[in-house]
Amino acid sequence: MNLAIRDIRYHRGRFILTSIGLGLLLGVVMSMGGIYRGLFADALTILTITKADIWVVQQDTNGPFAENSRIPEDIKYRIKAVPGVALASPLSFQTIQIDRSDKPLRFFLIGFDLNGFGGPPVILAGRNIRRKHYEMVVAQGMKMEIGEKIRLGLHDYTVVGITGKVVSSSGDPAAFVTLADAQEIQFKKDNDAIRNDRQRIGANLSGMQTLSPAQANYLRQNIAGITESTHTVNTVVARLAPGANVHEVQERIRRWNHFRPISVEEQTKILTKGMIEKARMQLGLFRMVLLVISAVIISLIIYTSTLDKIKVIATLKLIGSRNRVIVGMILQQSLLMGVIAYGIGYLLILLTYERFPRRIVLEPFDLQLLFAIVMAICVIASFVGIRKALKVEPAEALGG
Amino acid sequence: MANSMYAIEVENLTKIYGKGETAVIAIADATFQVKPGELVAILGPSGSGKTTLLTSIGLINEPTHGKVIIDDTIVADEGWVSGIDLKQLRREKLGFIFQAHNLIPFLTALENVMIALEINRLSRREAKRRATELLISLNLGHRLNNYPTALSGGEAQRVAIARALANRPKVILADEPTAALDTENGKNVMDLLKKLAVENHSAILVVTHDRRMVEGFDRIFEVHDGRIAS
């Protein structure tokens, strides 16, 4: 006869409520793990969808995600000419926050070359960008509709397509525009600033007596052209030809002295170790604290449940029950509570994880590991109850 | 092993709690025997030592001095006899009836009897068969699947008696079995014990403080300040 099941069946209301409470706690632990995996997945999304082998960024920076990086757009031609490089494409990244329907809309704007790569990985609705200007493809997470317009910089942009779950390392949904549009949004100065720059350059050149008016005018036009240029990108990504050695290509680009070629492995390390390390540690600590709390709660529940059964245990001992019957009853209840609470927690997360503001990634390994930890906690937590039960004297069954 | 006609033999049983100046003699030099089928009452006021006597015979409370023999097995001789499995002896030779029935609240009447049989390694099927028979014989056939909370005091005590009888013990020890019952139910329980002593040929030792309940008992011992007088 299974005493644990009989007891649970008799006190099912109390047991279910306790399991639900514990299940909610375990659900939070699971979600923490899911958030951590989500951080990881988010951080690597753009790296993954770009499918680049090398990220060329400004020298001495960890760009373009961890640090600012600005390099000239036309460096793509030089990179493309490096032996072993099959494709090179410039990319621009910036985080934008605008007001939409009186609510802040924060997103990660990616500018890509229509003739290159690094654009939307998939089009779920609508189409990809075809025109050079004022069209955009947005990620599902932006909750925008095809044909909807938003103002970015000096122009209105029309949503022509919806892509999948593309997010920045901060979890902001991504939007794609052409590189030219992205550069204009990021680098184009407003008219007042352009007028001021031109006047300052003109004033400086007019003070130089050695220049003829024609030379001064020529210089003024050239310098203004340079300062007003938007042909800057954050990175140029490269895909290697089959069989090419990534280290050799990196070495060649590094020799130019003005750029840092970052391999996918290095970029992954920058994104995961550097950018989300603290968040990971924070979440890890939270998970540990919550697991300790769960252990304490299970211990208390099992202990008080054992105290409730002192007379039952004493009676069982008096009628000659072996210790393992009593130990089994307590241990099985503890394990069953863990299993049910885990199931409730899992169900809770399964039903709600899509609604979390940040991505929750439930990895089977994490879930299995957590299950094993919960079972271990249940076994350890039951020790306090078992210890108490083993100390109960049969004589306690006597008397009123 | 002794060879005796008694189910219970107690020789110079003494139980002392504490040591030195704080020592309390709960039972002093108790000597008596109970035959199989004999119904014996131990009467005495609270604190007289009657429950200590019962627990010493019930293999719960180790005697300080003296000898206890249960169904020809010497269990205590100046302390527990080494190598004796007290739990096994309790399972096989003793049945207990308590003041407050002590039924397991999360088991039905049937399961409460079955548990005693299953603890004694009887198969589930056989345990169910025997427990059902027992409960029916005690007029509890209609209460098999009721939890103790749904039983009256008298019914609960009869289930407890069924549990005590389940393993057909040689000795039944009852600690104030009528204390939680009204007079009528108390008398019914005592009548039942008398009947069972005869039918099952079990020695029944009943501890009580209620003199009215021990009418018709084969023998009555009175305990005062740890000393037995018959």
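Residues numbered from 1 in each chain as written. Chains lettered and ligands numbered in written order. Predicted model: local features only at pLDDT ≥ 70, side-chain atom pairs only at ≥ 80, totals over all residues. Heavy atoms only, no water.

## Digging into the overall build of chain B
Counting its secondary structure elements, chain B contains six helices and ten strands. Taking 230 residues into account, the globule formula puts the C-alpha radius of gyration at 17 Å, and chain B, at 17 Å, falls close to it. Reported as C-alpha extents along the three principal axes, the dimensions of chain B are approximately 55 × 40 × 35 Å. Within chain B, buried positions represent 55% of all 230 residues. Here the contacts in chain B between residues at least 6 apart in sequence split such that 69% fall between residues at least 24 apart. Carbon and sulfur atoms form 47% of the exposed surface of chain B, whose accessible area is close to 9900 Å². Separation between the mean location of the 27 positive side-chain charges and that of the 28 negative ones in chain B comes to 6 Å. (Helix = DSSP H or I, 4+ residues; strand = E, 2+ residues; numbered from the N terminus. Rg over C-alpha atoms; globule rule 2.2 N^0.38 Å. Buried < 20%, exposed > 50% of the residue type's maximum accessible area, 1.4 Å probe, protein only. Contact = heavy atoms within 4.5 Å. Areas by Shrake-Rupley, 256 points an atom, 1.4 Å probe, with all protein chains shown as cover. Lys, Arg positive; Asp, Glu negative; His and termini not counted. Charge placed at Lys NZ, Arg CZ, Asp CG, Glu CD.)

## Some details on the sheet that holds strand S1 (residues 8-17) of chain B
Pairing between the strands of a sheet comes from backbone hydrogen bonds, and it takes one of two forms, parallel or antiparallel. All names here are of chain B. Ordered by their spatial adjacency, four strands build an open sheet running S2-S1-S4-S5, and the pairing between neighbours is antiparallel. Each end of this open sheet is capped by a strand with a single partner; those strands are strand S2 (24-34) and strand S5 (73-77). For this sheet, the mean inter-axis angle between neighbouring strands, taken without regard to orientation, is 20°. (Pairing = 2+ DSSP bridges. Axes fitted to C-alpha atoms, helices over the stretch in contact; angles between N-to-C directions.)

## Examining the domain arrangement of chain A
Residue and element names in this part refer to chain A. Under the domain assignment used here, chain A contains domain 1 (3-42 + 277-397) and domain 2 (45-272). Placing a centre on the C-alpha atoms of domain 1 and another on those of domain 2 gives a separation of 51 Å. Every contact between the two is made by seven residues of domain 1 and, on the other side, eight residues of domain 2. Taken together, the two surfaces of domain 1 and domain 2 that pack against each other cover about 610 Å², and 36% of this comes from carbon and sulfur. The interface formed by domain 1 and domain 2 includes one salt bridge. (Domains from an automatic or database assignment. Buried area = accessible area lost by both parts, 1.4 Å probe. Salt bridge = Lys/Arg side-chain N within 4 Å of Asp/Glu carboxyl O.)

## A few points about the sheet that holds strand S6 (residues 94-97) of chain B
Residue and element names in this part refer to chain B. Strand order in this open sheet of six strands is S6-S7-S8-S3-S9-S10, and the pairing throughout is mixed. With partners counted over all chains shown, the strands left at the sheet margins are S6 and strand S10 (227-229), one partner each. Neighbouring strand axes in the sheet, compared pairwise and without regard to direction, differ in orientation by 20° on average. Pairing geometry for S6 and strand S7 (residues 171-175), over four bridges, is parallel. By the bridge assignment, Ile-97 is partnered in S7 with Ala-174.

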